[in-house]
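# Structural overview for review
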Amino acid sequence: MLPRVILHNAVSADGRMDWLSVDMGQYYGLVSRWKEDATLVGAGTVLAAPDPVPPEDEAAFEPPEVSPRDKRPLLVIPDSRGRVRTWHALRAAPYWRGMVALVSRATPRAYLHYLKQRHIDIIVAGNDRVDLRKALHTLNRRYGVKVVRVDSGGTLNGVLLRAGLVDEVSILVHPTLVGGTSPRALYRAPDLTSAKGTLGVKLAHVAKLKGGVVWLRYQIRR
Ligand SMILES: NC(=O)c1ccc[n+]([C@@H]2O[C@H](COP(=O)([O-])OP(=O)(O)OC[C@H]3O[C@@H](n4cnc5c(N)ncnc54)[C@H](OP(=O)(O)O)[C@@H]3O)[C@@H](O)[C@H]2O)c1
């Protein structure tokens with residue numbers, strides 16, 4: 001059985017996922033409603049985390065304590081190229097009961113060795129990149145995962161959506177115009193290179209219209 005998959009993301013009013021100021025309490029306060037069995041986090045998201053990572057100590061090599069009463073979700077990261085080397089810090093965080101790396105047959109052996117040494121569970125699915133459909137099936141079969149919340153950027157979201165694996169998309173629209181580089185962006189601003197140039201706006205009106213259209217009106221803050 002395939003688990004139910006939910007994308008939950010914060011976006012700017014012009015649809016960007018970066019350079020936003022997000023109230024993390026609000027963002028993560030909403031996720032308990034899905035009662036996720038696993039959090040699927042993109043490797044790109046892990047690598048982009050701004051917090052400094054402490055060096056490894058011997059705790060990274062100890063087997064995890066497993067309790068059937070532990071209801072926290074699993075942390076699952078697709079990482080076919082073996083780029084994530086911060087599992088010790090993720091393991092020390094209080095949010096997850098266990099860690100699973102999704103890899104492919106092309107994943108470097110040295111990385112598999114790194115994971116095994118640290119007791120990170122491994123699911124091998126796919127030849128080059130991770131076959132996410134297979135991996136989701138295995139998560140269900142091996143760990144009883146029925147609900148997956150995805151915490152990732154547009155890359156993993158896109159792969160999951162194109163593969164028809166997503167059941168729900170949850171979007172928190174923030175009162176900011178970030179700007180983009182394409183003429184098809186709502187707000188083309190190729191000169192901006194950091195969050196500094198984003199425009200704060202004030203939500204003035206929200207309405208649900210026919211056909212599932214949401215009407216948002218913003219006042220520009222001057
Ligand atoms: N605003 C929000 O709500 C929000 C939430 C999360 C993250 N973010 C932001 O999003 C940015 C990171 O996003 P991102 O798009 O660069 O990375 P990402 O989506 O977090 O990570 C890319 C993931 O997709 C996998 N992938 C790529 N191609 C694949 C394929 N063909 N088949 C299977 N898996 C594939 C990669 O695995 P491999 O390594 O194996 O290729 C990797 O795990 C950061 O700036 C982060 O802050 C924003």
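Our subject is the structure listed above.
Now for a look at the structure at hand. (Residues numbered from 1 in each chain as written. Predicted model: local features only at pLDDT ≥ 70, side-chain atom pairs only at ≥ 80, totals over all residues. Heavy atoms only, no water.)

### Here we look at the packing of aromatic side chains
Each aromatic ring pair is described using two quantities: the centre-to-centre distance and the angle formed by the ring planes. Per the counting criterion, the structure on display carries three aromatic pairs. Taking 4.8 Å as the distance between ring centres and 85° as the angle between the ring planes, the aromatic pair formed by Tyr-27 and Tyr-28 counts as edge-to-face. Residue classification places Tyr-27 among the buried positions, given a relative accessible area of 6%. Taking relative accessible area as the criterion, Tyr-28 reaches 36% and is therefore assigned partly exposed. Geometrically, the ring pair formed by Tyr-111 and Tyr-114 is stacked, given 5.5 Å between the ring centres and 10° between the ring planes. Taken together, the positions of Tyr-111 and Tyr-114, both in helix H4 (residues 109-117) and three residues apart, correspond to about one turn of that helix. (Phe/Tyr/Trp six-rings, centres within 6.5 Å; stacked < 30°, edge-to-face > 60°. Buried < 20%, exposed > 50% of the residue type's maximum accessible area, 1.4 Å probe, protein only. Helix = DSSP H or I, 4+ residues; strand = E, 2+ residues; numbered from the N terminus.)

### Details of the sheet that holds strand S8 (residues 176-177)
Sheet strands associate in pairs through backbone hydrogen bonding, adopting either a parallel or an antiparallel arrangement. Ordered in space as S8-S9-S10, the three strands form an open sheet in which the pairing is antiparallel. The open sheet has two edge strands, S8 and strand S10 (213-220), and neither has a second partner. Relative to strand S9 (residues 199-209), S8 runs antiparallel, the two sharing two bridges. Considered in S9, the bridge of Thr-176 is made with Gly-200. (Pairing = 2+ DSSP bridges.)

### As for the pairing of strand S3 (residues 74-78)
Counting buried positions along S3 gives five out of five residues, so the element sits mostly inside the fold. Covered by surrounding structure in S3 are Leu-74, Val-76 and Pro-78 together with Leu-75 and Ile-77, the residues of both alternating faces. Relative to S3, strand S2 (residues 38-41) is paired through three bridges, and the arrangement is parallel. Each residue of the ladder has a partner; that of Leu-40, found in S3, is Val-76. One ladder, built from five bridges, connects S3 with strand S4 (residues 98-103); its direction is parallel. Within S4, the position partnered with Leu-74 by the bridge is Gly-98.

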